[in-house]
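Examining the three-dimensional arrangement
Here is how the chains run, residue by residue.
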Amino acid sequence: MKREALAWVVRLRSGEATNADLADLQAWREQSSEHDRAFRQAATLWRDLKQTAEQVSRSQQGRRRSFGAVPSGRLLVSRRGFLGGAVAASAAAYMAYDPPMQLWPSFQELNADYRTAKGERRDIDIADGVTATLNTMTSLSALPSGPDNPRFELIAGEVSVTAERTAGHPMTVQALDVQMVATKATFNTRCLDGEVMVTCIDGQVEVDNGQNPVRLEGGQQVAFSATRGLGAPVNVDSSETTAWRSGLLVVRDRPLSDVVADVNRYRPGRIIVSGDELAKRLVNGTFHLDRLENFPNQVQQLFGASIRQLPGGLVVLS
C-alpha cells in the first residue's frame, strides 16, 4: 500500500496526470482509511524529500559558481551524481518507513496524533469515555470514525486503555492486522517488532485478526504475529504487564537479550549484548525505570559480563 501511495504521488507530480487519474486516485483513497492515510503520508514524504533535494541543488550550484564552469568531461560525473542522489532519495524514503534497528522513529510514528519520547509516559483522554496511558516511545493515531464508535491505531509502542462506553458504542484499537474492541474494560496493548500482545486487566476485550477472534477476560493475554497468527488466550499476572505504569520493569525468567531490548526503550543510548551465551542468560528482578543508567553494571555483577563504553552512548556487554 505504501508503494502504491508513493506511485500516486509521483504520477501527480509528473505534470502528466489527467482528470481520469484524479478520479482513480480519489477512488483508491476511498477504499479505506488506511489507503487515505498512506497517500497523505506519501505526499508529506515527497514534499520533505523535495525540499532536501532543492537544498542540495542550491549547495552544489554555489560550489560550481565558486570554482567556475565545469569542463564537459565532467558531465558524466554529474549524471552519476544525479543518479546517486536519486538512489539516496529512494533509500531515504525506505528508511523513513523502516528505520534500521529502530535507531530513529519511522515516518508513521513521527506523524502520529499522540507520541511519547524515550522514557516518557503520558495520560490522555482520547475519546468520550476512553482514557489512555502511553508508555515510552509510543505512537497512537485516531482513525476516521464517528463519536459513537471511536477507532485508534497503535502504530508502535505500548498503551494502557480504559474504556467506559455505553452499551452498543464500543471503541476500537488497531495494531498491525489485529483489532481490539471494548465497551467496558481496561486492557494493555503492546506492538513491537512485528508482534502484538494484548492483556485484559479488567472487563472483556474482543481481539480479532479477521480469522479466529477471541474474547479476553481479566487476567488473560493473547499474542499475534504475521507468521503465527493469533494465538490462544493464556492466563497471566497482569500486574507484571502494567508495572510500567508505576515506573517499574518486572522481569521473570526472561533472556537477557529480551530484557535489554526493553531497557533500550527507556534508557538513553543503546546497549548491545555480544555473544549468544550471555544473551540467553535468564534474568529475574524488578528495575526502576528512572534508574536504568546503572543497568550495565547490574548485568556485570549478575553474570560477570565485561562492559565497553563507545561514543554516542553505545554500551557493549560481553
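Just above, that's the structure.
1. Here's the deal with the overall build of the protein chain
A count of helical and extended segments in the protein chain gives 9 helices and 18 strands. Expressed as a percentage of its 318 residues, the buried residues of the protein chain come to 37%. Counting contacts in the protein chain only where the partners sit at least 6 residues apart, residues at least 24 apart contribute 47% of the total. Entry remark: accessible area of the protein chain is about 17,800 Å², with carbon and sulfur atoms responsible for 51%.

2. Re the pairing of strand S2 (residues 122–127)
As paired elements, S2 and strand S3 (residues 130–134) share 5 bridges and run antiparallel to each other. Bridging across to S3, Ala127 finds its partner in Val130. Hairpin connection, S2 to S3: the antiparallel pair is bridged by 2 residues, and Gly129 has positive phi, about 80°.

3. Description of the nonpolar core
Formed by 31 residues in total, the largest nonpolar core has its most connected members in Met180, Phe187 and Val207. The residues contacting Met180, other than those within four sequence positions of it, are Met171, Thr172, Val173, Gln174, Ala175, Phe187, Thr189, Val198, Val205, Glu206 and Val207. Judged by nonpolar contacts, the second largest core, of 22 residues, contains Trp244, Val259, Ala279 and Val283.

4. Overview of the environment of Asn284
With respect to the helices and strands, the residue Asn284 is situated in strand S16 (residues 282–288). With relative accessibility at 43%, the residue Asn284 sits in the partly exposed group. Spatially, the C-alpha atom of Asn284 lies 7.9 Å from that of Val250, the residues being 34 residues apart in sequence. In this view, Asn284 contacts Val251, Arg252 and Asp253; residues no more than four positions away in its chain are not counted. At 2.9 Å, the side chain of Asn284 and the backbone nitrogen of Asp253 are in polar contact.

5. Observations regarding the side chain of Ser160
Considering the arrangement of structural elements, one finds Ser160 in strand S5 (residues 151–164). Side chain to side chain, Ser160 and Arg245 meet in a polar contact 3.1 Å long. With residues near it in sequence (within four places) discarded, Ser160 still touches Thr131, Ala132, Thr133, Thr186, Phe187, Asn188, Trp244 and Arg245.

Rules and cut-offs
Residues numbered from 1 in each chain as written. Predicted model: local features only at pLDDT ≥ 70, side-chain atom pairs only at ≥ 80, totals over all residues. Heavy atoms only, no water. Helix = DSSP H or I, 4+ residues; strand = E, 2+ residues; numbered from the N terminus. Buried < 20%, exposed > 50% of the residue type's maximum accessible area, 1.4 Å probe, protein only. Contact = heavy atoms within 4.5 Å. Areas by Shrake-Rupley, 256 points an atom, 1.4 Å probe, with all protein chains shown as cover. Pairing = 2+ DSSP bridges. Core = buried A, V, L, I, M, F, W, Y, C linked by side-chain atoms within 4.5 Å. Polar contact = N/O pair within 3.5 Å; in protein donor to acceptor, adjacent residues only side chain to side chain.

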